[in-house]
Amino acid sequence: MTAQIISGRDIAQKIIQKELIPRVRMLNKKSVQPKLVVIFLGENSASASYIRQKEKFAAQAGVASEVLKFPESISEEELLVEIKKINADDSIHGVIVQLPLPDHINVDKVISTIDPTKDVDGFSDENNSDLDIRKSLLPPCTPKGIITMLEKSGVNVAEKRVVVMGRSRIVGRPVAEMMLFRGAMVKVLHSKTPPQEAAQALKEAEVLVVAVGKPELVRGEQLSRGVIVIDVGIHRREDGSLCGDVHFESTKKVASLISPVPGGVGPMTVVSLIENTITAAEQTAN
Ligand code: NAP
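Remember, predicted model here, so these are calculated numbers, not experimental data. (Residues numbered from 1 in each chain as written. Predicted model: local features only at pLDDT ≥ 70, side-chain atom pairs only at ≥ 80, totals over all residues. Heavy atoms only, no water.)

A. Looking closely at helix α2 (residues 45-61). Given a rise of 1.5 Å per residue, 17 residues ought to cover 24 Å, and the 25 Å separating the end C-alpha atoms of α2 matches this to within 8%. Buried residues of α2: S47, A48, I51, K54, F57, A58 and A61, and no others. Along its buried surface, α2 packs onto α1 (8-29), β2 (35-41), β3 (64-70), β4 (94-97) and α9 (265-285). Sitting at the amino-terminal end of α2 is N44, which places a side-chain oxygen 2.9 Å from the backbone nitrogen of A46. In the stretch just after α2, G62 is the one whose phi turns positive, near 90 degrees. (Helix = DSSP H or I, 4+ residues; strand = E, 2+ residues; numbered from the N terminus. Expected span 1.5 Å × (residues − 1). Buried < 20%, exposed > 50% of the residue type's maximum accessible area, 1.4 Å probe, protein only. Contact = heavy atoms within 4.5 Å. Polar contact = N/O pair within 3.5 Å; in protein donor to acceptor, adjacent residues only side chain to side chain.)

B. Main features of the site of the ligand. The full set close to the ligand counts 22 residues, and R167, S168, S191, V232 and T269 are the nearest of them. Between the ligand and the protein, one listed contact pairs an oxygen atom with a side-chain N or O atom of S191 at 2.5 Å. In this structure, I234 approaches the ligand through a main-chain N or O atom, which is 3.4 Å from an oxygen atom. Looking at which element gives the most residues to the shell around the ligand, the answer is α9, with 3 residues. (Near = heavy atom within 4 Å.)

C. Inspection of the sheet that holds β4 at higher detail. Strands sit in the order β3-β2-β4 across an open sheet of 3 strands; the sheet is parallel. In this open sheet, the two edge strands, each paired with only one partner strand, are β3 and β4. Averaged over all neighbouring strand pairs, the angle between strand axes comes to 15 degrees, with direction disregarded. Helix α3 (residues 76-87) rests against β2, β3 and β4 of the sheet, and its axis sits at about 175 degrees to β2. (Pairing = 2+ DSSP bridges. Axes fitted to C-alpha atoms, helices over the stretch in contact; angles between N-to-C directions.)

D. Inspection of unusual backbone geometry at higher detail. Following L99, the chain continues to P100 via a peptide bond in cis, the omega torsion being 5 degrees. Here P100 lies in the loop between β4 and α4 (107-113). With an omega of 0 degrees, the peptide bond between V261 and P262 qualifies as cis. Tracing the backbone through its elements, the reader meets P262 in the loop between β11 (257-258) and α9. Located in the positive-phi region is S31, a residue other than glycine, with phi close to 65 degrees.

E. Fine view of the layout of surface pockets. Roughly 1,100 Å³ of internal volume is contained in the largest pocket. What lines the largest pocket is a set of 41 residues, among which Y50, V232, I234, G266 and T269 lie closest to the centre. Among the elements that line the lining of the largest pocket, the one with the most residues is α9, at 6 residues. In the lining of the largest pocket, the residues fall into 23 nonpolar, 12 polar and 6 charged. (1 Å grid on protein atoms, 1.4 Å probe; cavity = no way out; pocket = protein on both sides within 12 Å on 5 of 7 lines; lining within 4 Å. Points joined across faces, edges and corners; volume = space filled by probe spheres on them. Nonpolar A, V, L, I, M, F, W, Y, C, P; charged D, E, K, R; others polar.)

F. How the structure looks around empty space enclosed by the protein. Scanning all chains against the criterion turns up 1 cavity of 30 Å³ or more. In this structure, the largest cavity encloses a volume near 60 Å³. Contributing to the lining of the largest cavity are V95, I96, V97, L99, I111, I114, D119, D121 and F123. Among the elements that line the lining of the largest cavity, the one with the most residues is β4, at 3 residues. Classifying every residue of the lining of the largest cavity by side-chain character gives 7 nonpolar, no polar and 2 charged.

G. Spotlight on α1. Compared with the 32 Å implied by 1.5 Å per residue over 22 residues, the 30 Å span of α1 between its first and last C-alpha is a close match. Of all the bends in α1, the greatest, near 40 degrees, is centred on I16. Turning to α1, the residues buried within the fold contact α2, α5 (141-152) and α9. (Bend = angle between axes of the 7 residues up to and from the residue.)

H. Region of the structure containing the pattern of salt bridges. For the structure shown, the criterion picks out 13 salt bridges. Between K152 and E19 there is a salt bridge, with its nearest N and O atoms 2.6 Å apart. Of this pair, K152 sits in helix α5 while E19 sits in helix α1; the two residues are 133 residues apart in sequence, bridging distant segments of the chain. Residue K152 is classed as partly exposed on the basis of its relative accessible area of 45%. With a relative accessible area of 30%, E19 lands in the partly exposed category. A salt bridge links K85 to E82, with the shortest nitrogen-to-oxygen separation between them at 3.3 Å. On the criterion of helical spacing, the pair formed by K85 and E82 is a turn pair, its members being 3 residues apart in helix α3. What emerges from the salt-bridge pattern is a single network uniting R23, K144, E275 and E282. (Salt bridge = Lys/Arg side-chain N within 4 Å of Asp/Glu carboxyl O.)

In structure tokens, the structure reads:
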């Protein structure tokens, strides 16, 4: 068996062309121009490249974007003042603060200062809880992107054995919750899961989402034939190439579907961010 590749890159482009551009045109007809602001502290090169992709997708969809750069030395108080200015600016519909932040800045404080109706990363308590019930709010982008890429690939997770590796607040936990709402039988593995239990769960998984932040941790030999694998991790090897949390070559021999790194979950996360910005703009227009 050789797995079919789930191209997040292609799915994201189709979403932009078929869904997002028409929604932006409707907003423009109502004289609303959706706008995203990205706050970027310092010079981190990985962050800079993620921001370029966000600007590119925004431009493709017709969403205006602006990057507000500040020195890494900005105080927490000064940063919160900048966020409050954006909260009060009606021409801005979405704002994100590019992570990671320097140690002297409290991430939770920053996120809770962003107006939840403009929190297009979906990190605030208001947006990152009860996922599926309060449909009008803005779900976190990576979990939303994972669910969308499965749905667009014709995968229905209802009644399937779904295993999520990782329980972070921005990926593992919310994606597990979204899967539960869709009727999946969900098992979440984390660093405290006994190895034998983890091995058993991996063997039984019909759908596997891996978000552990460890390069090529999961190998095909640990999985069962036909499994659907979504690889969230992203790592740069010493030679400059990228890899995920899943060992791609061994896994594609047993999986039926697999998302690659790069070109899998990454573009789906970004397109979800742009969609959330449009949704936020639609809410102000209605
Ligand atoms: P994180 O906050 O570091 O969380 C990692 C999670 O993995 C933790 O819950 C940890 O468990 C768990 N874990 C660690 N070792 C494990 C093991 N051997 N077995 C099972 N679980 C294990 O990371 P994150 O923010 O969720 O990100 C995960 C990866 O996805 C990173 O590589 C990140 O760069 C990438 N990412 C990509 C995108 C994208 O758009 N492509 C977006 C977000 C993140 P404990 O809770 O017990 O410590």
